[in-house]
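So the chains spell out like this:
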Amino acid sequence: MTHVAVIGSGTMGNGIAHVFAQHGFSVALIDINQPALDKALGTIARNLDRQVSKGTLSETDKTDTLGRIQTYTSIAEGVQGVQLVVEAATENVDLKLQIFRDLDQHAPQEAILASNTSSISITKIAAATKRPAQVIGMHFMNPVPVMKLVEVIRGYATSDAVTEQVMDLSRQLSKTPTEVNDYPGFVANRILMPMINEAIISLFEGVAGVEEIDTVMKLGMAHPMGPLQLADFIGLDVCLAILRVLHDGLGNPKYAPCPLLVNMVMAGRLGVKSGEGFYQYTAGSKELVVAGRFRK
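None of the values given here were measured: they were computed from a predicted structure. (Residues numbered from 1 in each chain as written. Predicted model: local features only at pLDDT ≥ 70, side-chain atom pairs only at ≥ 80, totals over all residues. Heavy atoms only, no water.)

**Student:** Before we go on, may I ask you to explain the sheet that holds strand β4 (residues 84–87) in this structure?
**Tutor:** Hydrogen bonds between backbone atoms are what pair the strands of a sheet, whose relative direction is either parallel or antiparallel. Read from one edge to the other, the open sheet built from eight strands follows the order β3-β2-β1-β4-β5-β6-β7-β8, with strand pairing classed as mixed. Of all strands in the sheet, those bounded by a partner on one side alone are β3 (69–72) and β8 (176–181). On average, each strand axis in the sheet is tilted by 25° relative to the strand beside it, whichever way the strands run. As judged from the five bridges shared by strand β1 (residues 3–7) and strand β2 (residues 26–30), these two strands associate in the parallel manner. In the sheet register, Ala5 faces β2, and the bridge partner there is Ala28. Helix-sheet contacts for helix α5 (residues 93–106) involve β1, β4, β5 (112–115) and β6 (135–140), and the interaxial angle to β5 is about 165°. (Pairing = 2+ DSSP bridges. Helix = DSSP H or I, 4+ residues; strand = E, 2+ residues; numbered from the N terminus. Axes fitted to C-alpha atoms, helices over the stretch in contact; angles between N-to-C directions. Contact = heavy atoms within 4.5 Å.)

**Student:** Sorry, what's going on with the UniProt feature "domain: 3-hydroxyacyl-CoA dehydrogenase NAD binding" (unreviewed entry) in the protein chain here?
**Tutor:** UniProt feature "domain: 3-hydroxyacyl-CoA dehydrogenase NAD binding" (unreviewed entry): in the numbering of this structure it lies at residues 3–182. The distance separating the terminal C-alpha atoms of residues 3–182 is 27 Å; by composition the span is 43% helix and 22% strand. (UniProt positions renumbered as here; feature names shortened; annotations may be inferred.)

**Student:** It is not clear to me how the side chain of Asn14 should be interpreted in this structure. Could you clarify?
**Tutor:** Its place among the elements puts Asn14 in helix α1 (residues 11–22). For Asn14, the side chain forms a polar contact with the main-chain oxygen of Ser9, separated by 3.5 Å. At 2.8 Å, the side chain of Asn14 forms a polar contact with the backbone oxygen of Gly10. Those residues in contact with Asn14, other than ones at most four positions away along the chain, are Gly8, Ser9, Ala40, Thr43 and Ile44. (Polar contact = N/O pair within 3.5 Å; in protein donor to acceptor, adjacent residues only side chain to side chain.)

**Student:** I'm lost on the UniProt feature "binding site: NAD(+)" (unreviewed entry) in the protein chain in this one. Help?
**Tutor:** Under the present numbering, the feature "binding site: NAD(+)" (unreviewed entry) in UniProt falls on Gly8, Ser9, Gly10, Thr11, Met12, Gly13, Asp31, Glu91, Lys96, Ser118, Asn142 and Lys273. With respect to the secondary-structure elements, Thr11 resides in helix α1. Residue classification places Thr11 among the exposed positions, given a relative accessible area of 54%. Within the secondary structure layout, Lys96 lies in helix α5. (Buried < 20%, exposed > 50% of the residue type's maximum accessible area, 1.4 Å probe, protein only.)

**Student:** Which parts of the structure should I look at to understand the nonpolar core?
**Tutor:** Within soluble globular proteins, side chains that are nonpolar generally end up buried alongside one another. Counting 33 residues, the largest nonpolar core has Ile16, Phe20, Val27, Leu84, Val86, Met138 and Phe140 as the members making the most contacts within it. If we ignore the near neighbours within four places in the chain, the residues touching Val86 are Ala5, Val6, Ile7, Ile16, Phe20, Ala114, Asn116, Met138 and Phe140. Counting residues in hydrophobic clusters, the runner-up holds 28 residues, among them Tyr255, Leu261, Val272 and Phe278. (Core = buried A, V, L, I, M, F, W, Y, C linked by side-chain atoms within 4.5 Å.)

**Student:** Can you help me understand the packing of aromatic side chains in this one?
**Tutor:** Inspection of the entire model under this criterion finds one aromatic pair. Taking the centre distance of 5.2 Å and the plane angle of 90° together, the rings of Phe20 and Phe25 count as edge-to-face. Across the pair, Phe25 and Phe20 agree in class, each one buried. (Phe/Tyr/Trp six-rings, centres within 6.5 Å; stacked < 30°, edge-to-face > 60°.)

**Student:** Just checking my understanding: could you explain unusual backbone geometry for this structure?
**Tutor:** Peptide bonds are, in most cases, trans, and in most cases residues other than glycine have a negative phi. Omega for the bond connecting Asn142 with Pro143 falls within 30 degrees of zero, at 0°, which places this linkage in the cis form. Relative to the elements of secondary structure, Pro143 occurs in the loop between β6 and β7 (149–154). Positive phi values are uncommon outside glycine, yet Ser174 reaches one of about 65°. Along the chain, the position of Ser174 falls in the loop between α7 (160–172) and β8. One non-glycine residue, Phe186, lies in the positive phi region at around 55°.

**Student:** I tried to follow helix α8 (residues 188–204) on my own but got confused; where do I start?
**Tutor:** For an α-helix, the turn length of 3.6 residues means that residues three or four places apart are oriented alike. In this model α8 runs 24 Å from its N-terminal to its C-terminal C-alpha over 17 residues, within 8% of the 24 Å that 1.5 Å per residue would give. Every buried residue of α8 is listed here: Asn189, Met193, Ile196, Asn197, Ala199, Ile200, Ile201, Ser202 and Leu203. Taken together, the buried residues of α8 touch β6, α9 (210–221), α10 (227–234), α11 (236–250) and α12 (259–266). Just beyond α8, the residue with positive phi is Gly206, at close to 80°. (Expected span 1.5 Å × (residues − 1).)

**Student:** What is the right way to look at the pattern of salt bridges in this model?
**Tutor:** Opposite charge on two side chains allows them to pair when their charged atoms are near. Under the definition given, this model contains nine salt bridges. Between Lys96 and Glu87 there is a salt bridge whose closest N-O contact spans 2.4 Å. What makes Glu87 buried here is its relative accessible area of 0%. A salt bridge links Arg171 to Asp168; its shortest N-O distance comes to 2.7 Å. (Salt bridge = Lys/Arg side-chain N within 4 Å of Asp/Glu carboxyl O.)

**Student:** Whenever I open this one, the packing of α1 against helix α2 (residues 34–53) confuses me. Can you help?
**Tutor:** Two quantities define a packed helix pair, namely the angle between the axes and the distance from one axis to the other. Remark: α1 packs on α2, axes separated minimally by 10 Å, with the N-to-C direction vectors making an angle of 55°. Relative to α2, α1 is oriented oblique. For α1 against α2, the interelement crossing comes out right-handed. Side by side, α1 and α2 meet where Asn14, Ala17, His18 and Gln22 of the first sit next to Ala40, Thr43, Ile44, Asn47, Leu48 and Gln51 of the second. (Parallel < 35°, antiparallel > 145°, perpendicular 65-115°, else oblique. Left-handed = near helix turned anticlockwise from the far one by under 90°.)

Shown next as C-alpha cells:
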C-alpha cells in the first residue's frame, strides 16, 4: 500500500496525513475548502519543524514529507487510485454516513474505507456502503504524530483480511494497534469519558475546584494531564457527543452527561478551540491562562 486519502484537515486529519506522509505514503488530503487545507499544511510544516529542532527528523525528510501531500476539495478527485481512505471529519453521524456513501461511489472498489471516529458505530457506517467487509475503524489518538495507539475497530462485517491489513499498516506507521469490537465508545472512550464526566460532576457538586481536581488526578494517579484540562484539549462538544453515544447505545444512566457540561457547550465554551472551557487559553495556543469560573 502506497497511496492513501485523508478526509478532513482539522486537528486529527492533518495529524494523520502528517504521519502517513512521514512514513513514505503518498497522501491526498481532502476538505471542502482550500483555506482549511492551507491552514492544515501550515500546521504540518510547524510540527515537522519541531521534529527537526529536536533532531528526530532531517530538513530533507521534512521537505520530502510535505512533498508527498497533495490537497483536494473534491472527494471524487482526491480518492482516485487510493488503496485506503481514512475519514477524520467532524464527529457527526449524518455527515459521516454521507461521506461514506460518497466514498463508496468514488473510491476504487478494492480500497479499504476507515473512519477515525471516536465513538460512532463502524457497523452503522459500513451499512451505508456496498462494501461493509472493507469498512473499519482506525481511531488515532491526539496528537497523532506523538501518540502511539491506534484503536482498530472491527464492524460486524469487517473481514479478517482487512483487519490484519490495517493492523500491519498501523505498525508501519510506528504505532501500536489494538483490536477492539464495535460497541459504543469502543475501549478508549468507554473508560475515559465516564472519568471525565465524573470529574465534571465533582466540580458541579462543589467537591473541589478545577485545579484541585486536576492536581489530584495528576499527582495521585500519575496522569500527565488532569481530566478537566484533557476535556478542554479534546473539546467539550466532542466529550458531550461521545457521552450521548454511550448513554443512548448502552442505556445506562451512569453515562448521562453532567448538566454543567451540557450548559458549557450550549454557551460555546468548548475548551482550547474556543479559548475558554474549564480553563482560559491564550488566543491561538493551548497555553493556560487561568481556571474558569462556573455557574450551576
